Amino acid sequence: MGKRACGKWIFFVPAALLLIAVLTIWQYKKQETEYSVIHAVIEELPNYQDEIESWGYEVSVLSNMTGEPDHAGFMRYYQESAGPVLILEDQNGGMYCFYYGFDQYISERTYRENMMLLPVSQYDEKEYEDVLKTVRLQICKKNIKQGPLSENTADADSKDRYDVSVRIIIAAESLTGGDEISVFGGGSFETNYCSNNFEECRLWNGIDPASANSYSDYHIKQEYSAAQLLEYYRQGLELQSRLVELYYERQ
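Residues numbered from 1 in each chain as written. Predicted model: local features only at pLDDT ≥ 70, side-chain atom pairs only at ≥ 80, totals over all residues. Heavy atoms only, no water.

Observations concerning the overall build of the chain
Inference 1: The helix and strand tally for the chain stands at five helices and nine strands.
Inference 2: Along the chain, helices (α) and strands (β) appear in the sequence α-α-β-α-β-β-β-β-β-β-β-β-α-α when read from the amino end.
Inference 3: Counting over 251 residues, the chain shows a buried share of 39%.
Inference 4: Considering only intrachain contacts with a sequence separation of at least 6, the fraction spanning at least 24 residues in the chain is 64%.
Inference 5: Carbon and sulfur atoms make up 49% of the accessible area of the chain, which totals about 15,300 Å². (Helix = DSSP H or I, 4+ residues; strand = E, 2+ residues; numbered from the N terminus. Buried < 20%, exposed > 50% of the residue type's maximum accessible area, 1.4 Å probe, protein only. Contact = heavy atoms within 4.5 Å. Areas by Shrake-Rupley, 256 points an atom, 1.4 Å probe, with all protein chains shown as cover.)

In structure tokens, the structure reads:
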């Protein structure tokens, strides 16, 4: 009886170790796929560019930067010494950026709006003016070296649950001179969301994280609904899948 049990264990242990090794290698390859594929596409871009542009996107590459970029949305790559980055720009000027897979979405829109001016003193009456309002949006995964999640299964109390940072910058300009104007609702607002829904959010820094999060979430949602933010994120994931499929088709 003891010999039989021992024989079973002799068979079971190597099999279990083999299974663990296979799963580890599979998981490693899965994690590396988006990174290696994106950079292979960048290296051989002429072989892929026509097909990608047929999807309705303008294709470009942000190379490794030696100085601060002109576009604020690219600062994360400069700060992390990350690059090159594949950029797919849609017909509305929105940019889907790919580094370790889909990394971020950047857009900017300008429109006319009647906004309340910031008073010079507390005694000034409320004054409104038609201005050119510009809203810059940046949706980026917090960990630049980790692939984006199609389903975030982290616990609600975990920081990993809030894996995407959303930031908007609102500025106003005069309709006549083009000078920047100080208005209520202007400035920079940023917080972290769960990429599953862009409704659950939490800010992990600042003097009063709960208050700061609520304040930023309010201003962000005045410009973009949770459904819109989720749509941009899912489109980035969809483009990531299409790039991976295209790469393997060409191999």
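Things to note about empty space enclosed by the protein
Inference 1: One pass over the full model with this rule turns up one cavity of 30 Å³ or more.
Inference 2: Looking at the largest cavity, its volume works out to about 40 Å³.
Inference 3: As for the largest cavity, its lining consists of Phe102, Asp103, Gln104, Ile139, Cys140, Lys141, Pro148, Val164 and Tyr233.
Inference 4: Elements that contribute at least two residues to the lining of the largest cavity include exactly β4 (101-116) and β5 (128-141).
Inference 5: Here the residues of the lining of the largest cavity are counted per class, giving six nonpolar, one polar and two charged. (1 Å grid on protein atoms, 1.4 Å probe; cavity = no way out; pocket = protein on both sides within 12 Å on 5 of 7 lines; lining within 4 Å. Points joined across faces, edges and corners; volume = space filled by probe spheres on them. Nonpolar A, V, L, I, M, F, W, Y, C, P; charged D, E, K, R; others polar.)

Looking at the nonpolar core
Inference 1: Grouped together as the largest cluster of nonpolar side chains are 40 residues, with contacts concentrated most on Ile52, Leu86, Phe98, Val166 and Phe198.
Inference 2: Of all the elements in the fold, those that place two or more residues in this core are α1 (2-43), β2 (85-89), β3 (95-99), β4, β5, β6 (164-174), β8 (187-193) and α5 (226-249).
Inference 3: When residues in this core are grouped by element, the largest group, ten residues, is from α5. (Core = buried A, V, L, I, M, F, W, Y, C linked by side-chain atoms within 4.5 Å.)

Looking at a negative patch on the surface
Inference 1: On the surface, a cluster of negative charge is contributed by Asp50, Glu51, Glu53, Glu58, Glu238, Glu245 and Glu249.
Inference 2: Relative to the helices and strands, Glu53 is located in helix α2 (residues 49-53). (Patch = residues over 30% accessible without salt bridge, like charges linked within 9 Å, V, L, I, M, F, W, Y side chains within 5 Å. Salt bridge = Lys/Arg side-chain N within 4 Å of Asp/Glu carboxyl O. Lys, Arg positive; Asp, Glu negative; His and termini not counted. Charge placed at Lys NZ, Arg CZ, Asp CG, Glu CD.)

Things to note about the pattern of salt bridges
Inference 1: Summed over all chains, the structure comprises eight salt bridges.
Inference 2: Among the ionic pairs, Asp130 bridges to Arg112, the shortest N-O distance being 3.5 Å. Here the residue Asp130 occupies a position in strand β5, and Arg112 occupies one in strand β4, the gap between them amounting to 18 residues.
Inference 3: For Asp130, a relative accessible area of 32% translates into the label partly exposed.
Inference 4: Of the charged contacts, one joins Lys221 and Asp217 as a salt bridge, the two residues approaching to 3.2 Å between their closest N and O atoms. With Lys221 and Asp217 both in helix α4 (residues 209-223) and four residues apart, the pair spans about one turn of that helix.
Inference 5: Lys221 gets classed as partly exposed once you look at its relative accessible area, which sits at 26%.
Inference 6: Here the salt bridges share partners, and the residues they tie into one network are Arg109, Glu113, Lys133 and Glu223.

Looking at the packing of aromatic side chains
Inference 1: Per the counting criterion, the structure on display carries 13 aromatic pairs.
Inference 2: Among the aromatic side chains, those forming a connected cluster through ring pairs are Tyr57, Tyr96, Phe98, Phe102, Tyr105, Tyr193, Phe198, Tyr224, Tyr232 and Tyr233.
Inference 3: Over the aromatic face of Tyr77 sits the side chain of Arg76, whose NZ or CZ is 6.0 Å from the ring centroid. (Phe/Tyr/Trp six-rings, centres within 6.5 Å; stacked < 30°, edge-to-face > 60°. Lys NZ or Arg CZ within 6 Å of the ring centre and 35° of its normal.)

Describing unusual backbone geometry
Inference 1: Cis geometry is adopted by the peptide bond preceding Pro84, which originates at Gly83 and carries an omega value of 0 degrees.
Inference 2: Mapping Pro84 onto the fold places it in the loop between α3 (75-79) and β2.
Inference 3: One non-glycine residue, Ser81, adopts positive backbone phi at about 50 degrees.
Inference 4: On the secondary structure map, Ser81 appears in the loop between α3 and β2.
Inference 5: Its identity is not glycine, yet Phe198 carries a phi of approximately 55 degrees, on the positive side.
Inference 6: Relative to the helices and strands, Phe198 is located in the loop between β8 and β9 (201-202).
Inference 7: On the accessibility criterion, Phe198 (0% relative accessible area) is buried.

Let's talk about α5
Inference 1: For α5, built from 24 residues, the straight-helix expectation of 34 Å at 1.5 Å per residue is met to within 8% by its first-to-last C-alpha distance of 35 Å.
Inference 2: Buried within α5 we find Ala226, Leu229, Leu230, Tyr233, Gly236, Leu237, Leu239, Gln240, Leu243, Val244, Leu246 and Tyr247. (Expected span 1.5 Å × (residues − 1).)

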